[in-house]
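Geometric and topological summary
Chain by chain, the residues run as shown.
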Amino acid sequence: MVVVSKEYERCMRIDLITLLPDLLRGPFDNSILKRAHERGLLEVVIHNLRDYTSHKHRQVDDYQFGGGAGMVMMIEPIARCIEQLKSERDYDQVIYMTPDGLLLDQPTANKLSMSKNIIILCGHYKGVDQRVRDHFITQEISIGNYVLSGGELPAAVLVDAIGRLIPGVLNDESSALFDSFQDDLLAPPVYTRPEDFNGLKVPSIILTGDEKKISQWRHDRAIERTAERRPDLLK
Ligand code: ADE
């Protein structure tokens, strides 16, 4: 049972549909996402697609019509799984992780973090039967212009990007606001003790305690770093 935190009164639910449930468990049993679960702010439920097939050998994929290399994930178990979930609650989005989806960025993560319930379908092999994409999927997301062997790691990336934005998940709530990309700027450099490590000194301005000056210095460094590394963000 999930106890929803009184302070926030909101628990997001993410249902992951996958052929490799074990691959997905690790990321959610650790660190920030684990804390989110313990605080009753995020519930991640993993569904093994093989549990939804009526095929006697639990087959979930087949050769593609028209020929060609690679197996295609069948519509039947996916439809059954999604329909069952939808009969239990309303979903804001049914997302398919695919390299030909829209590139994940911070605004997309921000928007999704305001959802109540989300389904994420992880693809494999040649992907899923196009009818799944046409009739069940509301959003297709890629995590980068490269092809991974399945949608599980991309789904874990997406859940992490969303989960850490849910109010109450990070200890210092404001810290997500100052992440790289939140204002189209990369984050400025950060330092901690010691002030002097074998002659490598931290910039003196951040030791002054003058908040206004420090804030201006951080902003200037953020602009400098963005101009250097990601000038496209400044346009
Ligand atoms: N599945 C395989 N590669 C992927 C990618 N780059 N993004 C999302 N899903 C994927």
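About the criteria used
- Residues numbered from 1 in each chain as written.
- Predicted model: local features only at pLDDT ≥ 70, side-chain atom pairs only at ≥ 80, totals over all residues.
- Heavy atoms only, no water.
- Helix = DSSP H or I, 4+ residues; strand = E, 2+ residues; numbered from the N terminus.
- Expected span 1.5 Å × (residues − 1).
- Buried < 20%, exposed > 50% of the residue type's maximum accessible area, 1.4 Å probe, protein only.
- Arc of directions from axis to C-beta.
- Core = buried A, V, L, I, M, F, W, Y, C linked by side-chain atoms within 4.5 Å.
- Contact = heavy atoms within 4.5 Å.
- Domains from an automatic or database assignment.
- Near = heavy atom within 4 Å.
- Polar contact = N/O pair within 3.5 Å; in protein donor to acceptor, adjacent residues only side chain to side chain.
- Areas by Shrake-Rupley, 256 points an atom, 1.4 Å probe, with all protein chains shown as cover.
- Nonpolar A, V, L, I, M, F, W, Y, C, P; charged D, E, K, R; others polar.

**What about helix 7 (residues 211-229)?**
- Over its 19 residues, helix 7 extends 27 Å from the first C-alpha to the last, a length consistent with the 27 Å expected when each residue adds 1.5 Å.
- When we look at burial in helix 7, the residues that qualify are I214, W217, A222 and T226. Buried residues of helix 7, seen end-on, are gathered within an arc of 165 degrees and therefore sit on one face of the element. Opposite the buried face of helix 7, by more than 90 degrees, sit the exposed residues K212 and E228.

**Comments concerning the nonpolar core**
- Ranked by internal contacts, the top residues of the largest apolar core, which has 23 residues, are I14, L16, L42, I95, I120, L158 and V159.
- The element best represented in this core is helix 6 (residues 152-163), accounting for five residues.
- Setting aside residues up to four positions removed in sequence, L158 forms contacts with I95, M97, L104, L112, I120 and I141.
- Core analysis: the second largest hydrophobic core is formed by 20 residues, V60, V94, Y96 and V132 among them.

**Focus on the domain arrangement of the chain**
- Entries for the chain in the domain assignment read domain 1 (12-163) and domain 2 (180-234).
- Between the C-alpha centres of domain 1 and domain 2 there is a distance of 37 Å.

**Quick notes on the site of the ligand**
- Neighbouring residues of the ligand: M97, T98, P99, I141, S142, I143, G144, Y146, V147, L148, G150 and P154.
- Taking T98, its main chain carries an N or O atom lying 3.2 Å from a nitrogen atom of the ligand.
- A distance of 2.8 Å separates a nitrogen atom of the ligand from a polar backbone atom of Y146.
- With the chains in place, 96% of the 260 Å² that the ligand exposes on its own is no longer accessible.
- The set of elements that each furnish at least two residues to the shell around the ligand consists of strand 5 (93-103) and strand 7 (139-142).
- Residue contributions to the shell around the ligand peak at three residues, all from strand 5.
- Within the shell around the ligand, the residues separate by chemical class into eight nonpolar, four polar and no charged.

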